[in-house]
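Structural features, examined
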Amino acid sequence: LRFHAIIWPAMLMAADLPLPRQVFAHGWLTVEGEKMSKSKGNVISPHELIDEYGVDAYRYYFLREFSFGYDGNFSRENMTGRYNADLANALGNMVSRVLAMVGRYRGGEVPEPGRESSGADAALREAAARVFQEVDERMEALAFNEALQAIWNYLGAVNRYVDETAAWDLAKDPALSDRLDTVLYNQVEALRLTALLVLPFMPRTGEGIWSRLGFTDSVHLHHLPAAAAWGLFPPGQRVSKGDALFPRMERAR
């Protein structure tokens, strides 16, 4: 903060250059409750963490776990817990489940949604409409951890929809084929929006989901708020499950 609010503005003033209108200043990190010190041997290398968890998981953890501008305490056990619960389970497992069901019940081709709609469908659409506004407001306030919390609340809504609509039960009854088409389409459309939501925080993950959804263009070409509209996924497009986005880690190392 001293550099960004005193030294850097003074240098700009001396050069007769415009001053920043907003200051971005992070806090300090401790490790397991202690200040990092070479003599203690508790200095954490970012490269070491990236090799262990991957760059997107690294980005997610530090943006999600700590309030920007405040001090935070790093813990490998906590990072592994976040990785397993938030990334491997809530996000990665959701993507795998949805795409696997499209592959199993519709040969990998996303169906045209049926005409009938339910309260669960409406709740999912409402959650999708709400999350983009919430994320936008929190990003403006530099509350990156709260923006990610809003996204994960949305992922929770998607996972509840998957469980409540139970495509595996619908698939047992040919008379419910139309309803199954609607459920599968809504789940895939929810994944399309998920790719857009996580992209600024985890670029490789957003691109990976986009590719699994069968798009051949770049996800970066799709801009908000227009791309956040519900129902833009093209029926008939083929999707693929692919490898796990985040293989589960059994323990902290």
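Described in the following lines is the structure provided in the data block.

For the structure shown, the criterion picks out 13 aromatic pairs. Relative to Phe144, the ring of Phe68 has its centre 5.2 Å away and its plane inclined at 65°; by these criteria the two rings are edge-to-face. Of this pair, Phe68 sits in the loop between helix H3 (55-65) and strand S3 (72-74) while Phe144 sits in helix H6 (residues 144-165), and the two are 76 residues apart along the sequence. Taking the centre distance of 5.8 Å and the plane angle of 90° together, the rings of Tyr83 and Phe246 count as edge-to-face. One end of the pair, Tyr83, is in helix H4 (residues 76-106); the other, Phe246, is in the segment after helix H9 (203-212), and 163 residues separate them in sequence. In this structure, Tyr83 and Phe246 share a single accessibility class: buried. Among the aromatic side chains, those forming a connected cluster through ring pairs are Tyr58, Tyr61, Phe62, Phe66 and Phe74. The ring of Tyr105 is capped by Arg104, whose NZ or CZ atom sits 5.6 Å from the centre of that ring.

Applying the stated criterion across every chain yields a total of one cavity of 30 Å³ or more. Empty space within the largest cavity amounts to approximately 30 Å³. For the lining of the largest cavity, the secondary structure elements donating two or more residues are H3 and H4.

In the structure shown here, the tally under the stated rule is 10 salt bridges. A salt bridge links Arg76 to Glu52; the shortest N-O distance between them is 3.3 Å. One end of the pair, Arg76, is in helix H4; the other, Glu52, is in helix H2 (residues 46-53), and 24 residues separate them in sequence. An identical accessibility class is assigned to Arg76 and Glu52; each is buried. Across the salt bridge formed by Asp169 and Lys172, the nearest N and O atoms sit 3.5 Å from each other. Among the charged side chains, a salt-bridge network with shared partners connects Glu48, Glu52 and Arg76.

This next bit is on the packing of H6 against helix H8 (residues 177-198). Following both chains from N to C, one finds H6 and H8 inclined at 165°, their axes separated by 11 Å at the closest point. Taken together, the axes of H6 and H8 are roughly antiparallel relative to one another. Considering the relative orientation of H6 and H8, their crossing is left-handed. Of the residues in H8, those touching H6 at Ile151, Trp152, Tyr154, Leu155, Val158, Tyr161, Val162 and Thr165 are Arg179, Thr182, Val183, Asn186, Gln187, Ala190, Leu193, Thr194, Leu197 and Val198. Classifying every residue of the contact of H6 with H8 by side-chain character gives 12 nonpolar, five polar and one charged.

Definitions and cut-offs
- Residues numbered from 1 in each chain as written.
- Predicted model: local features only at pLDDT ≥ 70, side-chain atom pairs only at ≥ 80, totals over all residues.
- Heavy atoms only, no water.
- Phe/Tyr/Trp six-rings, centres within 6.5 Å; stacked < 30°, edge-to-face > 60°.
- Helix = DSSP H or I, 4+ residues; strand = E, 2+ residues; numbered from the N terminus.
- Buried < 20%, exposed > 50% of the residue type's maximum accessible area, 1.4 Å probe, protein only.
- Lys NZ or Arg CZ within 6 Å of the ring centre and 35° of its normal.
- 1 Å grid on protein atoms, 1.4 Å probe; cavity = no way out; pocket = protein on both sides within 12 Å on 5 of 7 lines; lining within 4 Å.
- Points joined across faces, edges and corners; volume = space filled by probe spheres on them.
- Salt bridge = Lys/Arg side-chain N within 4 Å of Asp/Glu carboxyl O.
- Axes fitted to C-alpha atoms, helices over the stretch in contact; angles between N-to-C directions.
- Parallel < 35°, antiparallel > 145°, perpendicular 65-115°, else oblique.
- Left-handed = near helix turned anticlockwise from the far one by under 90°.
- Contact = heavy atoms within 4.5 Å.
- Nonpolar A, V, L, I, M, F, W, Y, C, P; charged D, E, K, R; others polar.

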